Amino acid sequence: MSYQQTPYGQQQYGGYPPPPPPPSGSNKTILIVFTVVVVMVVLGAGLFVITRFTGSSDDTAGTTPITSQPTSDGGSPTEPANDGSPSASATPAAPPCRGCLPGITVNGLVKTLKSKGYACQDKKILGIQCEKGNLEVVVHADYTQKAYVERIRVFGWGSAMVKDCPQCIKGAIAALEQGLPGVLPLFVKDAATRQKIITFAAEGSAIPDSGPSSARDLSIDELYRVSTSGYSGSTVGKGDRYASNYTTDVNIAGY
């Protein structure tokens, strides 16, 4: 076997060229830098993939959250499922229109009054008049939102076939005081509010409508406007035949 001396001091066997010389110091540095760059690129790509699939905060920082939009209360009203009877909650629903009674519809209230034994007649601009005994409930619809109640007047009345009838006045006041606790729950849900109306009506209904302080007003929780005007009446007839009739009332309107 022949060999010869190579320029690098190594022997060459069998005529084959010698292996390449070891890399110099500068070549080693280039190799190391290249390796580090490759590793950083690979790690960066992996981190990007993990971040996308784990939903990090950086991925959603620029998004806009979805919020529910309030519905408009304008347009034509949709009659609520309210039959005029008291609900389980004492908090009244918001009135559907300015000045309306909260949570009450005309049809619902009239239907409930009829179920309680009231005889009702629609008197057009005079309202829907519902009578039972010596008590009368008059329902007035809102001027623009016809399905809803604007105000309600509750009358007590007394009459007799006599000329002078103080008992007619007492009978009217008693009819209103006795009837209010039964009729108010049909359109005023809160018990404390009903009691305020009953107390106010008892004071205002027992004074004549001709006095200087006969007209009285009460505002309740910016939901109800209550008023009284005292009692009034008349007597008609001649000779020994007369008929006297007196009424007193309380008016309950939306705020």
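For the structure itself, look to the data block above.
Residues numbered from 1 in each chain as written. Predicted model: local features only at pLDDT ≥ 70, side-chain atom pairs only at ≥ 80, totals over all residues. Heavy atoms only, no water.

Caption draft 1: A look at the overall build of the protein. Within the protein one finds 5 helices and 10 strands. For the protein, the residues scored as buried account for 31% of the 255 residues in total. Taking all contacts inside the protein whose residues are at least 6 apart in sequence as the whole, residues at least 24 apart take part in 52%. Per element, the accessible surface of the protein, about 16600 Å² overall, is 58% carbon and sulfur. (Helix = DSSP H or I, 4+ residues; strand = E, 2+ residues; numbered from the N terminus. Buried < 20%, exposed > 50% of the residue type's maximum accessible area, 1.4 Å probe, protein only. Contact = heavy atoms within 4.5 Å. Areas by Shrake-Rupley, 256 points an atom, 1.4 Å probe, with all protein chains shown as cover.)

Caption draft 2: Structural detail: the environment of Ser213. Locating Ser213 in the fold gives a position in the loop between helix H5 (191–204) and strand E7 (216–220). With 17 residues separating them in the primary sequence, Ser213 and Gly230 have C-alpha atoms 9.1 Å apart.

Caption draft 3: H5, seen in detail. In this model H5 runs 20 Å from its N-terminal to its C-terminal C-alpha over 14 residues, within 8% of the 20 Å that 1.5 Å per residue would give. Listed in full, the buried residues belonging to H5 are Thr193, Arg194, Ile197, Ile198, Phe200, Ala201 and Gly204. Along its buried surface, H5 packs onto helix H4 (166–183), E7, strand E8 (224–228) and strand E10 (241–254). (Expected span 1.5 Å × (residues − 1).)

Caption draft 4: Region of the structure containing the side chain of Ser244. With respect to the helices and strands, the residue Ser244 is situated in strand E10. Classification of Ser244 by relative accessible area gives buried; the value is 2%. When near neighbours in sequence (up to four residues on either side) are disregarded, Ser244 contacts Gly158, Ser159, Ala160, Val162, Lys163, Cys165, Cys168, Ser234 and Thr235.

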